[in-house]
Amino acid sequence: MSGKATTNWAGNVTYGAAGVHRPGSLDELRSLVQHSRRIRALGSGHSFSPVADTSGELVSLDGLPPVVEIDAASSTATVAAGMRYGEVAVELQRAGFALANLASLPHISVAGSCATATHGSGDRQRVLAASVSALQLVGPDGDLVELGQDRDDGTFAGSVVALGALGVVTRLTLDIEPGFEVAQRVYLGVPLDEVVERFDEMFGAAYSVSAFTDWRSGEAMVWLKHRTDGPEAAWTGGRPAQRAVHPCPGMPAESCTEQLGIAGPWHERLPHFRLDLTPSAGEELQSELFLPRDRAPAAFAAIRGLADDVAPLLHVSEVRTVRADDLWLSPAYDRDSVTFHFTWVKDPAAVIPVLAAIEELLMPMGARPHWGKLTTVAPAEIIALYDRAPEFAQLTQRYDPTGKFRNRFVDDLLPPT
Ligand SMILES: Cc1cc2nc3c(=O)[nH]c(=O)nc-3n(C[C@H](O)[C@H](O)[C@H](O)COP(=O)(O)OP(=O)(O)OC[C@H]3O[C@@H](n4cnc5c(N)ncnc54)[C@H](O)[C@@H]3O)c2cc1C
C-alpha cells in the first residue's frame, strides 16, 4: 500500500483513506476485500465529485494483468476493469475491432467510467456503460459474482452505473464492432444563435459532434467527428479551422487528436485528447448537467443570461448529445439528452456560487448532474430524479448487506436503512 495521502486527479478531493492498496493478483484482491471493514475501488481518480472517496480502504486495480480477451463470434471483448479506455482501444484496434464511442479523455479507467455513466457525444451514442453486457465483481466476502444480460433477472441494467456500491468490478464485457475510421473537422466562429436554431441539423451532421463556447462571445467552435464509412457531414458553418486547435482557446493543440479532416483510426479521433500526452495538469474543476434534449433552447438561453458571471471563471464549456439508455442510474436514463459541461478554473470559492446559479435555472428543466463532476444540488434532490433508485437501493442490500462498499456519497443519496 502506498502510505501517503492521496487526492483525485484534480486535487480538489483528498481521499480519507490512508493510502491505496494495489493487489497484484485476483486472489490478493479477494482477500483484501474479505478482510476489510470498509473498502472502495478507485479507478484512475478523474472524478471531481467525492464519489470514490472513503475513510476505509481504497483499492486500485492497476496492478492486475491488463487483459483484453476478444470474442469475435459474439462481438464482445472482456477487459480488465482497471485498464484505461485508451489502452483497451489500442488492443482492439490492433485486432481490427472498435468500441462505438469514447469520452474526451482516453486516460480514464473502464470500470470507473462505467460506474459514473461517463459519455462521449453523438445523437446515436449512449453512455459508455451501455456497451457493457456482463461484469464480474468481488463481493463483500471476497466471493466472485458474475452478472450479465444473458443471466439477467431484470437487474443487470441497475448493476453497471453503480457508483462503486455493489462491489469491486474486476472485468467487464464490452460490445465491439469492426474497426472504422473517423475524420475530424473543426469550425470556428459559429454563432450561438445558429447552434440553437440548427441544433438537430448540426448535432446530426456527424457521428459525434461537440460545440465549445465561453457563452459570452456569442460564438461556438464546433467539432465534427465523421465516420468515413458513413454519409458526408451535412452541416457546415462558421470558418473551417486551418490548423489544429485545442478546446480551450489559446492552448497549444499538441495534446489534441488529429483534425483538419485527416482520416484515422476511431480511437485516435473520437477522444479530443491523445493517450500519449497529458492534456493538462489538473488545474481545473468540472461540472455537467444532462437535460432532456428538447430543453436545449431553454437551457442555452438560461446559461447565456449568466454569461458575464460564467465566462471569467471558465476554461471552456462543451455541449454534447447522448442517446437514451435503460441503465437505472444513468443521467440519460429513458431520454435522449443534451449535456452542458463546464471546465472551470480551479477556484472553488468563486466557481461554486456561479455553478449554483446555473443549477438553479436548469434543475427545473429536468437536469441530472454527472455523477463524477461537481454539483451544488442536494443528494436527496438528485436521487429523486431517478425512478429506479428504490430498486437500486434493493440491489445494494442484496450485494452488500453490511454496507462494506458504501461511502458518504452513497449514504447521502441512499441513506442506510
Ligand atoms: C480531463 C477530464 C476529462 C473528462 N472527460 C469526460 C468526458 O468526456 N465525459 C464524461 O462523461 N466524463 C468525463 N470526465 C469525468 C470522468 O470520466 C469520470 O469522473 C470517471 O468516473 C472517471 O473514471 P475514473 O476511472 O477516474 O473513476 P474514479 O474517479 O477513480 O472513480 C469513479 C467511481 O467509480 C468507482 N470505481 C472505479 N473503479 C471501480 C471498480 N473496479 N469497481 C467498482 N467501482 C469502481 C469508484 O468507486 C467511484 O465510485 C472527465 C474527467 C477529466 C478529469
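Residues numbered from 1 in each chain as written. Predicted model: local features only at pLDDT ≥ 70, side-chain atom pairs only at ≥ 80, totals over all residues. Heavy atoms only, no water.

Visitor: Which residues make up the overall build of the protein, and what values do they have?
Guide: Per the secondary structure count, the protein includes 11 helices and 19 strands. Seen through its principal axes, the protein has C-alpha atoms that stretch 60 × 45 × 40 Å. The long-range share in the protein, meaning contacts at least 24 apart out of those at least 6 apart in sequence, stands at 72%. On the protein, roughly 16500 Å² of surface is accessible, and the fraction owed to carbon and sulfur atoms is 50%. Charge-centre separation for the protein: the mean point of 35 positive side chains lies 2 Å from the mean point of 52 negative side chains. (Helix = DSSP H or I, 4+ residues; strand = E, 2+ residues; numbered from the N terminus. Contact = heavy atoms within 4.5 Å. Areas by Shrake-Rupley, 256 points an atom, 1.4 Å probe, with all protein chains shown as cover. Lys, Arg positive; Asp, Glu negative; His and termini not counted. Charge placed at Lys NZ, Arg CZ, Asp CG, Glu CD.)

Visitor: Summarise the site of the ligand; cite the residues concerned and give the values.
Guide: Taken together, 36 residues lie near the ligand, and Ala-41, His-46, Ser-47, Ser-109 and His-370 sit nearest. In the model, an oxygen atom of the ligand is placed 2.6 Å from a nitrogen or oxygen of the Ser-109 side chain. Measuring from a nitrogen atom of the ligand, one finds a backbone N or O atom of Val-169 at 2.8 Å. A total of 970 Å² of accessible area belongs to the ligand in isolation, and the protein chains cover 98% of it. Of all the secondary-structure elements, those providing two or more residues to the shell around the ligand are β2 (39-42), α3 (110-115) and β9 (168-175). Grouping the amino acids of the shell around the ligand by side-chain chemistry returns 15 nonpolar, 17 polar and 4 charged. (Near = heavy atom within 4 Å. Polar contact = N/O pair within 3.5 Å; in protein donor to acceptor, adjacent residues only side chain to side chain. Nonpolar A, V, L, I, M, F, W, Y, C, P; charged D, E, K, R; others polar.)

Visitor: Please provide a residue-by-residue account of unusual backbone geometry, values included.
Guide: Positioned with a positive phi, Ser-75 is a non-glycine residue whose angle comes to about 50°. Phi is positive for Ala-117, which is not a glycine, with a value near 60°. Summarising the element assignment, Ala-117 is placed in the loop between α3 and β7 (132-138). In this structure Ala-117 comes out as buried when scored by relative accessible area, which is 0%. (Buried < 20%, exposed > 50% of the residue type's maximum accessible area, 1.4 Å probe, protein only.)

Visitor: Go over the packing of aromatic side chains, please, and point to the residues and values.
Guide: One pass over the full model with this rule turns up 14 aromatic pairs. On the numbers, 6.4 Å between centres and 75° between planes, the contact of Phe-199 with Phe-300 is edge-to-face. Of the two residues, Phe-199 is situated in helix α5 (residues 199-203) and Phe-300 in helix α6 (residues 296-305); the sequence distance between them amounts to 101 residues. When sorted by exposure, Phe-199 lands in the same class as Phe-300, which is buried. An aromatic cluster is built from Phe-199, Phe-203, Trp-215, Phe-300, Phe-340, Phe-342 and Trp-344, whose rings are joined through pairwise contacts. When the ring centre of Tyr-207 is taken as origin, the NZ or CZ atom of Arg-227, which lies over that ring, is 5.2 Å away. Over the face of the ring belonging to Tyr-386 we find Arg-368, whose NZ or CZ atom lies 5.2 Å from the ring centre. (Phe/Tyr/Trp six-rings, centres within 6.5 Å; stacked < 30°, edge-to-face > 60°. Lys NZ or Arg CZ within 6 Å of the ring centre and 35° of its normal.)

Visitor: Which residues make up the nonpolar core, and what values do they have?
Guide: In terms of nonpolar packing, the biggest core is built from 124 residues, with Leu-172, Trp-215, Trp-266, Phe-340, Trp-344, Leu-362 and Trp-371 touching the most fellow members. Setting aside chain neighbours within four positions, we find Trp-344 in contact with Glu-283, Glu-284, Leu-285, Gln-286, Ser-287, Val-310, Leu-313, Leu-314, His-315, Val-351, Val-354 and Ile-358. In this structure, Phe-212, Met-221, Trp-223 and Val-316 belong to the second largest nonpolar core, which totals 8 residues. (Core = buried A, V, L, I, M, F, W, Y, C linked by side-chain atoms within 4.5 Å.)

Visitor: Give me the environment of Val-222: which residues, what numbers.
Guide: Tracing the chain through its elements places Val-222 in strand β13 (residues 219-227). Counting along the chain gives 177 residues from Val-222 to Gly-45, while the straight-line C-alpha distance between them is 29 Å. Residues within four places of Val-222 in sequence aside, it is in contact with Arg-185, Val-186, Tyr-187, Val-190, Met-202, Val-209, Ser-210, Ala-211 and Trp-235.

Visitor: Quick rundown of the sheet that holds β2? Include the residues and the values.
Guide: Taken in spatial order, the 3 strands of this open sheet run β1-β3-β2, and their pairing is parallel. Only two strands of the sheet have a single partner each, and these edge strands are β1 (20-21) and β2. With 2 bridges joining them, β1 and strand β3 (residues 57-60) adopt parallel strand pairing. Within β3, the residue paired with Val-20 across the bridge is Leu-58. (Pairing = 2+ DSSP bridges.)

Visitor: Provide a residue-level description of the side chain of Arg-227, including the pertinent values.
Guide: Of note, Arg-227 is situated in strand β13. The class for Arg-227 is buried, based on a relative accessible area of 15%. Side-chain polar atoms of Arg-227 contact the side chain of Asp-229, separated by 2.9 Å. Those residues in contact with Arg-227 that lie beyond four places of it in its chain are Glu-177, Phe-180, Glu-181, Val-182 and Tyr-207.

Visitor: Tell me about empty space enclosed by the protein, and name the residues and values.
Guide: It is the rolling of a water-molecule-sized probe over the atoms that shows where space remains empty. Scanning the model with the defined rule gives 1 cavity of 30 Å³ or more in all. In this structure, the largest cavity occupies an estimated 40 Å³ of space. Around the largest cavity sit 14 residues that line it, and Leu-102, Gly-120, Ser-121, Leu-270 and His-272 are the ones nearest its centre. Counting only elements with at least two residues in the lining of the largest cavity, the list comes to β12 (208-213) and β17 (314-322). Broken down by class, the residue content of the lining of the largest cavity amounts to 4 nonpolar, 7 polar and 3 charged. (1 Å grid on protein atoms, 1.4 Å probe; cavity = no way out; pocket = protein on both sides within 12 Å on 5 of 7 lines; lining within 4 Å. Points joined across faces, edges and corners; volume = space filled by probe spheres on them.)

Taken by themselves, the reported measurements are silent on function.
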